[in-house]
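Remarks on the overall topology
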Amino acid sequence: MIEVKNLTFSYSRKKAPVLNNLSVTIERGKVCGLLGKNGAGKSTLLYLVAGLLTPQNGKVLFNGKSTRDRDPETLQDIFIVPEEFNLPSISLKEYVKINAPLYPRFNNEDLEKYLKMFEMDNDFNLGALSMGQKKKAYMAFALATNTSLLLMDEPTNGLDIPGKSQFRKFIAAGMSDERNIIISTHQVRDIDQLLDHIILINDNEILLNHSTTEITEKLIFKNTDDPQIIASALHAQFSLYGNSVILPNNENAESELNLETLFNFAIEKPQLIKQTFNQSTQTES
Amino acid sequence: MKSLSTIINPSRFSKYFKKEMRENRKQLLSRSLIMIAILCAFSLITGLGESSTYNRYEEFLINHPNSTVDDAKNSLYELYMHEPFTYNDEASANCLSIFVFGFPIALIICASCMFESMSTKQKKIATLMAPATQFEKYLTRFFTYIILPIFIYIAGCLIAESLRFIIFSIFYPTGDIIRFMDYSDTIKDMLIKDNMLFHTIVLYLLSFIAEASIYALGSSIWPRLALLKTFAAQCIISFIGIVTLMIAAISGAVEKSAKTIGAIAQNLSLDIEFTTFMWLLHISLLIFISINFTIAYFRFKESEIIQRM
């Protein structure tokens with residue numbers, strides 16, 4: 001379990017905080033999407049969770065331990081896949097041989113399985129790969145470490161078109177009840193079917209922090225050209241399949257989450273989304 | 001209280017150390033080879049510089065088959081020398097001087113690379129997220145960039161000297177003109193008889209390790225271009241120090257302080273022997289080195305992926 005408690009972070013004392021008094025709890029067994037506009041603080045939050053930055057206030061606890069302490073036991077259980085990374089110019093086999101002993105739950109069979117998902121074999125030099133292939137190999141290694149927490153910053157950047165659908169299968173295959181995967185991205189279409197939980201950050205605060213089930217229980221997502229429905233919608237936007245609309249779900253209807261529409265709704269009408277979910281939370285409690 | 005395994009665990013340290021060495025082996029090997037190649041080049045250039053002298057000895061020995069190289073030297077220099085003296089290969093002595101003065105330069109360059117794994121955001125993430133304690137990571141860097149280069153440098157000197165000896169022995173096979181560096185007697189004297197030589201050499205070594213510790217600290221502050229930045233900082237600090245001293249000297253403060261210190265020393269009857277004084281100097285340098293490396297460790301320990309001064 002990850003507990004972010006009253007987290008405030010600023011890159012410099014003179015600058016306004018990127019994150020202000022932020023509190024979130026993420027339960028185990030969830031694939032969590034961290035969404036927000038460019039510069040909203042998604043990557044910053046990811047780095048704070050990993051203990052790579054020191055907050056001005058507050059703390060991040062992972063299984064009850066502060067990640068900022070960077071205890072080796074905690075680090076053995078966290079893996080981060082940054083947006084950009086360097087890999088040594090050695091063979092994958094050698095990379096695995098020297099890095100796997102640092103992760104007690106690493107599984108070589110899992111690695112082979114994940115590499116196959118990306119249509120890669122296990123006999124290549126990491127230095128000779130393209131950026132996209134490097135990312136696939138690194139993500140396969142990351143998932144094969146079987147750490148309880150896997151943090152991914154813009155994982156689909158640089159992946160080719162088949163790579164993006166392979167990525168969705170890959171995450172689904174690597175997920176278990178014992179692990180958390182947090183994906184920070186602005187490419188919502190690549191991951192919208194994958195997420196169990198959504199955290200949406202905007203203007204230093206959390207606009208939305210709910211499971212996808214909770215969201216679809218409160219909101220209906222549909223594509224329509226009906227002017228009456230459009231007029232009554234909480235949010236409507238033009239799409240190639242007609243107008244993509246969000247309606248209040250008063251009749252427990254089922255619909256498929258449209259992350260892009262939800263994102264735009266939250267950014268355009270922050271008060272309305274807060275009101276919708278706060279009211280429902282209060283009613284539930 | 002934290003248990004020792006939260007600071008260092010032998011098994012984890014060995015895994016991390018192996019990983020660092022193997023991932024960076026190409027870089028470390030190429031740097032070591034460059035260092036050795038430079039030493040070899042200097043050694044051969046020094047030998048070439050002595051070639052005209054070797055030619056004269058060679059010619060003398062060919063013309064006087066029963067003579068030794070000592071006879072050759074005495075004969076060639078009889079106009080200048082009153083007493084006979086034994087032959088020394090000057091190139092070997094010159095090589096030693098080069099090796100001795102090259103040592104601090106090599107050590108400083110290596111020390112300024114100590115935290116180069118923190119020079120970019122990607123490298124920082126990889127370093128900080130590796131499952132080992134910051135102390136284990138620091139120790140790995142200390143060994144790789146401070147301890148290991150000393151041994152590589154010594155090995156490099158021996159290789160360079162051997163190369164010079166082998167190559168010039170081929171060109172000057174007569175007699176015993178080309179000699180391998182042999183300072184075993186000097187070292188014995190230094191350790192047993194000559195107290196002053198011992199202290200001078202220890203002081204020399206400690207001074208340069210102290211200088212290296214400054215560059216290691218500089219590398220923890222500015223992981224990128226640490227050598228240039230630390231050098232610039234040192235120049236600025238030295239300049240400020242010199243200016244301050246000059247101002248103090250002009251205003252008479254230095255003279256006044258010297259008199260006060262002299263008076264205090266006289267009152268306390270401070271009559272320190274040379275050996276005690278040298279030991280105090282060594283201890284002071286050791287403390288200075290420890291402070292620099294400790295500060296470097298704490299800067300590294302508290303590192304983040306963003307650079308905060």
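1. With respect to the interface of chain A and chain B
- With 32 residues of chain A in contact, the opposing surface of chain B contributes 28 residues.
- For the pair chain A and chain B, the summed buried surface comes to about 2600 Å²; carbon and sulfur atoms form 58% of the total.
- At the surface where chain A touches chain B, the tally comes to four salt bridges.
- Residues glutamate 73 of chain A and arginine 12 of chain B are paired through a salt bridge, measuring 3.8 Å at the closest nitrogen-oxygen approach.
- For the pair chain A and chain B, the interface holds 10 residue pairs in polar contact (both at pLDDT 80 or more).
- For the side of chain A that touches chain B, the elements supplying multiple residues, two or more each, are helix H1 (42-50), helix H2 (72-75), strand E6 (78-81) and helix H3 (92-99) of chain A.
- At five residues, H3 of chain A tops the list of elements feeding residues into the side of chain A that touches chain B.
- Per-class residue counts for the side of chain A that touches chain B are 19 nonpolar, seven polar and six charged.

2. Considerations on the sheet that holds strand E3 (residues 31-36) of chain A
All names here are of chain A.
- One open sheet holds the six strands; their spatial order is E6-E7-E8-E3-E9-E10, and the pairing between them is mixed. The open sheet is flanked by E6 and strand E10 (205-211), the only strands paired with a single partner. Averaged over neighbouring strand pairs, the angle between their axes works out to 15° when direction is ignored.
- With five bridges connecting them, E3 and strand E8 (residues 180-185) associate as parallel partners. Each bridged residue has a counterpart across the sheet, and for valine 31 the counterpart in E8 is isoleucine 181.
- The strands that helix H5 (residues 131-144) touches are E6, strand E7 (149-153) and E8; relative to E6, the one it contacts most, it runs at about 170°.

3. What to know about the side chain of glutamate 23 of chain B
- If you trace the backbone, glutamate 23 of chain B turns up in helix H1 (residues 10-23).
- Polar contacts involving the side chain of glutamate 23 of chain B include one to the side chain of asparagine 99 of chain A, which spans 2.9 Å.
- When sequence neighbours within four positions are dropped, the list of residues in contact with glutamate 23 of chain B reads Pro88, Ile90, Tyr95, Ile98 and Asn99 of chain A.

Conventions used here
- Residues numbered from 1 in each chain as written.
- Chains lettered and ligands numbered in written order.
- Predicted model: local features only at pLDDT ≥ 70, side-chain atom pairs only at ≥ 80, totals over all residues.
- Heavy atoms only, no water.
- Contact = heavy atoms within 4.5 Å.
- Buried area = accessible area lost by both parts, 1.4 Å probe.
- Salt bridge = Lys/Arg side-chain N within 4 Å of Asp/Glu carboxyl O.
- Polar contact = N/O pair within 3.5 Å; in protein donor to acceptor, adjacent residues only side chain to side chain.
- Helix = DSSP H or I, 4+ residues; strand = E, 2+ residues; numbered from the N terminus.
- Nonpolar A, V, L, I, M, F, W, Y, C, P; charged D, E, K, R; others polar.
- Pairing = 2+ DSSP bridges.
- Axes fitted to C-alpha atoms, helices over the stretch in contact; angles between N-to-C directions.

Honestly, that's just the spatial picture; any functional story needs more than this.
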